[in-house]
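# Structure at a glance
Residues per chain, in single letters:
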Amino acid sequence: MDSTRASQSDLGGRRIAFLVAVLVTLGLAAFFGLIVWQPALIGGLIGQETGGHISLHFREPQHRIHDLTFASLLGTAVVGMLAQLRKPAKNVASQAMALIPFVGLVLALALTNAWVLSIPWVVVGASTLLAATLHPAGPNIFRSLRVSRLNRAMLALLVIAAVPLLALAFTNIVLQRAGPSDHALLGHYGYLAALGFTIIGVGLLASLRPAGWRLTAWVAGLLPALLGIGSLAFPDVDSRLDPVWALAAIAWGGVFVAAAELARGPTEDTQTVEQPSAAPSNVEAGVGIGVEPERETTPGTSRSTYVVGIFVIAVALLFVVQHLFGGGLAGVHTPSPPGP
């Protein structure tokens, strides 16, 4: 009895630590968003030169696509972490999705240079990884990743998109390694390479249909669509897609989401990855202390998670519309310091 209570206490402490890690991750993302939105608020703390550089983000037309890429990568992680605020056992796919942008960035870093690595990626990525290790589902978080649940239509669409996405990634890897343009020095080409890897990773995750997979399918479709919209809005900006490829990216995103909706099961909202149990399961049978078996039906995400996800996506779309068609963020605009 004492050992059971101790185990239950440990699980309770793990859940609290997980919640703290999730809140810290979201707080850090909000902090960096505040820096970009109102750089003057911290200019006195970090120095006017750094503050002046930050104030140019989302304000200079030549960086429109790169800024959108930065927001897409960080936004993917934020949406995944927001889904963990309620019923994380039903949203293990979103937790895994939150890690994928940082995996893509690490891969881009390994293939290019250190300019791809920046403070926001390090601190937000570290806290996201910590949250994943503390997830209430524990080792069960990977059990719903089963080949038997793979949707062939979604996988076929992903295979079709993988060729141009990998071409996009490796083209930007070459540009990042070549340097020394302003874009390369800021790691922008590396971000685009990471975005290509991220779309493939999130799409594959959605195709496997683990618990909470529908939100990941919508994100996988939204990311290339946003890149296509940005490319059409700014046809003369560096790193934009050609019009044909931009339209193809938008169309592919819509078709992928449609395929995901067609793949829904009749009991979509009931799938849960069982959290580790501290109670004995087979004591009377003489087997000893065990773990409750995993309960799983068909892939699902709680309705409240969709409310949160739709709200975040709506805010992101409003921001994108302002960014693409309204001249970017208003307010401070400090010119770039002259070069040597």
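Residues numbered from 1 in each chain as written. Predicted model: local features only at pLDDT ≥ 70, side-chain atom pairs only at ≥ 80, totals over all residues. Heavy atoms only, no water.

### Let's talk about the packing of aromatic side chains
Which entries qualify depends on this criterion: Each Phe, Tyr or Trp ring, with Trp reduced to its six-membered ring, pairs with another whose centre is within 6.5 Å; inter-plane angles below 30 degrees give stacked pairs, above 60 give edge-to-face pairs, and intermediate values give tilted ones. A helix here means a DSSP run of H or I that spans at least four residues, while a strand means a run of E at least two residues long, and both kinds are numbered starting from the N terminus. The cut-offs for exposure are 20% and 50% of the maximum accessible area for each residue type, with area from a 1.4 Å probe on protein chains only; residues under the lower value are buried, those over the upper are exposed, and the others partly exposed.
Inspection of every chain in the model, using the stated rule, returns seven aromatic pairs. For the ring pair phenylalanine 170 and phenylalanine 197, a centre distance of 6.1 Å and an interplane angle of 75° mean the geometry is edge-to-face. Of this pair, phenylalanine 170 sits in helix H7 (residues 152-178) while phenylalanine 197 is found in helix H9 (residues 188-208), placing the two residues 27 residues apart along the sequence. A relative accessible area of 43% places phenylalanine 170 in the partly exposed class. Relative to phenylalanine 256, the ring of tryptophan 252 lies with its centre 4.9 Å away and its plane at 20°, an arrangement referred to as stacked. Taken together, the residues tryptophan 252 and phenylalanine 256, both in helix H11 (residues 243-262) and four residues apart, mark about one turn of the helix. Grouping aromatic residues by their ring pairs yields a cluster made of Phe70, Phe102, Trp121 and Tyr191.

### Digging into unusual backbone geometry
Its identity as a non-glycine residue notwithstanding, arginine 209 has a phi of 55°, on the positive side. As for its position among the elements, arginine 209 is in the loop between H9 and helix H10 (213-233). Look at serine 239: it is not a glycine, yet its phi comes out positive at around 75°. By secondary structure assignment, the location of serine 239 is in the loop between H10 and H11.

### Considerations on H9
It helps to recall that an α-helix has 3.6 residues per turn; residues three or four apart then point in one direction. Operational definition: Each helix should span, by expectation, one fewer than its residue count multiplied by 1.5 Å.
Here H9 spans 30 Å end to end across 21 residues, near enough to the 30 Å set by a 1.5 Å rise per residue. By the criterion of burial, H9 is predominantly enclosed, with 19 of the 21 residues buried.

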